Amino acid sequence: MKFTKMHGIGNDYVYVNCLEEEVKNPSELSKFVSDRNFGVGSDGLILIRPSDQADFHMDIYNSDGSQAEMCGNGIRCVGKYVYDNGLTDKTEITVDTLAGIKHLDLTVEEGKVSLVRVNMGEPILAPDKIPVRYENDPVVDVPINVNGRLYHITCVSVGNPHAVVFMNHVNDLDLAVIGPFFENHTRFPKRINTEFVEVLDRNTVNMRVWERGAGEALACGTGACATTVACILNGKTENKVTVHLKGGELEVEWDRESNQIYMTGTATSVFDGELLELPEGC
């Protein structure tokens with residue numbers, strides 16, 4: 001089975017062109033390819049499929065085999081993959097996901113995509129739709145007890161659920177310890193992605209992220225979008241924010257008039273490869 005390793009500012013996935021390849025058990029395949037010792041090494045698996053509603057369909061699987069609704073870094077790489085590999089000649093494309101159809105604008109330089117702007121759609125703030133177990137609507141700056149310590153969270157869905165925590169000295173946080181307690185907290189019936197955010201000024205933040213099903217990631221596009229919305233709801237930034245992550249930076253804007261979130265960032269191809277042996281059933 002042929003594949004391509006790609007990343008969006010360090011958030012890396014194995015991409016398979018399912019217009020040509022067949023994947024029978026994507027959950028098991030994702031666990032196999034994600035292993036950084038015995039597999040390819042990635043945060044998960046993304047399958048590019050045909051769509052009756054859009055130009056392409058994107059299926060996302062985390063490194064633990066669970067399926068995700070949306071990935072902001074992943075969808076930028078899908079845009080680069082389909083253009084660079086000649087699956088489309090359009091610079092404005094649509095991609096169907098479990099979080100709905102997303103619109104991508106591709107910046108092309110010397111025949112290759114260098115930058116992708118994604119309309120991530122409207123933020124979801126209703127607690128039952130995120131979902132989170134709170135009576136507050138929206139869930140903005142509400143207390144939560146995690147492993148015996150009190151935090152305050154703002155919850156947003158950008159196709160998948162996020163809890164944003166504002167704090168100082170985010171780089172000193174032992175995320176491997178606290179992350180799982182947030183992810184599996186009883187307040188979050190479908191688990192949660194958690195962003196720990198330090199506001200630097202009215203247009204700039206630092207962010208670290210614990211992704212459900214994957215652990216700490218170098219970047220998270222939907223998390224950067226959720227963080228931007230949370231910053232604005234809490235009055236901490238303007239509507240355009242540069243989000244600094246371990247793998248790089250993303251530019252995010254929440255257009256309050258149209259209620260649309262726009263995310264802009266790079267997408268990078270690392271290498272092409274072929275799996276000569278697959279796990280049983282894949």
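Cut-offs used in this document
Residues numbered from 1 in each chain as written. Predicted model: local features only at pLDDT ≥ 70, side-chain atom pairs only at ≥ 80, totals over all residues. Heavy atoms only, no water. Helix = DSSP H or I, 4+ residues; strand = E, 2+ residues; numbered from the N terminus. Rg over C-alpha atoms; globule rule 2.2 N^0.38 Å. Buried < 20%, exposed > 50% of the residue type's maximum accessible area, 1.4 Å probe, protein only. Contact = heavy atoms within 4.5 Å. Areas by Shrake-Rupley, 256 points an atom, 1.4 Å probe, with all protein chains shown as cover. Pairing = 2+ DSSP bridges. Salt bridge = Lys/Arg side-chain N within 4 Å of Asp/Glu carboxyl O. Polar contact = N/O pair within 3.5 Å; in protein donor to acceptor, adjacent residues only side chain to side chain. Phe/Tyr/Trp six-rings, centres within 6.5 Å; stacked < 30°, edge-to-face > 60°.

Participant: How would you sum up the overall build of the protein chain? Please name residues and give values.
Facilitator: In terms of regular secondary structure, the protein chain is built from four helices and 18 strands. By the compact-globule yardstick of 19 Å for 282 residues, the protein chain fits well, its C-alpha radius of gyration being 18 Å. With the C-alpha coordinates aligned to their principal axes, the bounding extent of the protein chain is approximately 50 × 40 × 35 Å. Burial analysis of the protein chain (282 residues in total) assigns 55% to the buried set. Put simply, of all contacts in the protein chain between residues at least 6 apart along the chain, 61% involve residues at least 24 apart. Carbon and sulfur atoms make up 43% of the accessible area of the protein chain, which amounts to about 12,100 Å² in all.

Participant: Would you mind going over the pairing of strand E15 (residues 240-245) in detail, with residue names and values included?
Facilitator: Note: strand E13 (residues 204-211) against E15, three bridges, orientation parallel. Bridging across to E15, Asn206 finds its partner in His244.

Participant: Any chance you could break down the pattern of salt bridges for me, citing the residues and the numbers?
Facilitator: A full pass over the atoms with the stated rule returns 13 salt bridges. Lys90 is the partner of Asp55 in a salt bridge, and the nearest nitrogen-oxygen pair spans 2.8 Å. Taken as a pair, Asp55 in the loop between strand E3 (44-49) and strand E4 (56-62) and Lys90 in the loop between helix H2 (72-84) and strand E6 (92-97) lie far apart in primary sequence, 35 residues in all. Residue Lys90 is classed as partly exposed on the basis of its relative accessible area of 36%.

Participant: Mind laying out the side chain of Gln260, listing which residues take part and the relevant values?
Facilitator: With respect to the helices and strands, Gln260 occurs in strand E17 (residues 260-265). Residue classification places Gln260 among the buried positions, given a relative accessible area of 17%. A polar side-chain atom of Gln260 sits 3.4 Å from a polar atom in the side chain of Asn119. Each residue touching Gln260, except ones within four places of it in the same chain, is listed here: Asn119, Gly121, Glu122, Glu253, Trp254 and Asp255.

Participant: If you had to explain the packing of aromatic side chains to someone new, which residues and values would you point to?
Facilitator: Applying the stated criterion across every chain yields a total of four aromatic pairs. Seen in terms of ring centroids, Phe3 and Phe271 are 6.1 Å apart; in terms of plane orientation they differ by 80 degrees. Their pairing is edge-to-face. Here Phe3, found in strand E1 (residues 2-8), pairs with Phe271, found in strand E18 (residues 268-274); they are 268 residues apart in sequence, far enough to count as distant. A relative accessible area of 7% means that Phe3 is categorised as buried. For Phe271, a relative accessible area of 36% puts it in the partly exposed group.

Participant: Go over the environment of Thr107, please, and point to the residues and values.
Facilitator: Mapped onto the elements of the fold, Thr107 is located in strand E7 (residues 100-109). Take Thr107: its relative accessible area is 36%, and that puts it in the partly exposed class. For the pair Thr107 and Val158, spaced 51 residues apart in sequence, the C-alpha separation works out to 23 Å. Contacts of Thr107, omitting those with residues within four sequence positions, involve Lys112, Val113, Ser114 and Leu115.

Participant: Describe the side chain of Glu211, and please don't skip the residues or the numbers.
Facilitator: Tracing the sequence through the fold places Glu211 in strand E13. Setting aside anything within four residues of it in sequence, one finds Glu211 in contact with Asn11, Tyr13, Glu183, Asn193, Ala217, Ala219 and Cys220.

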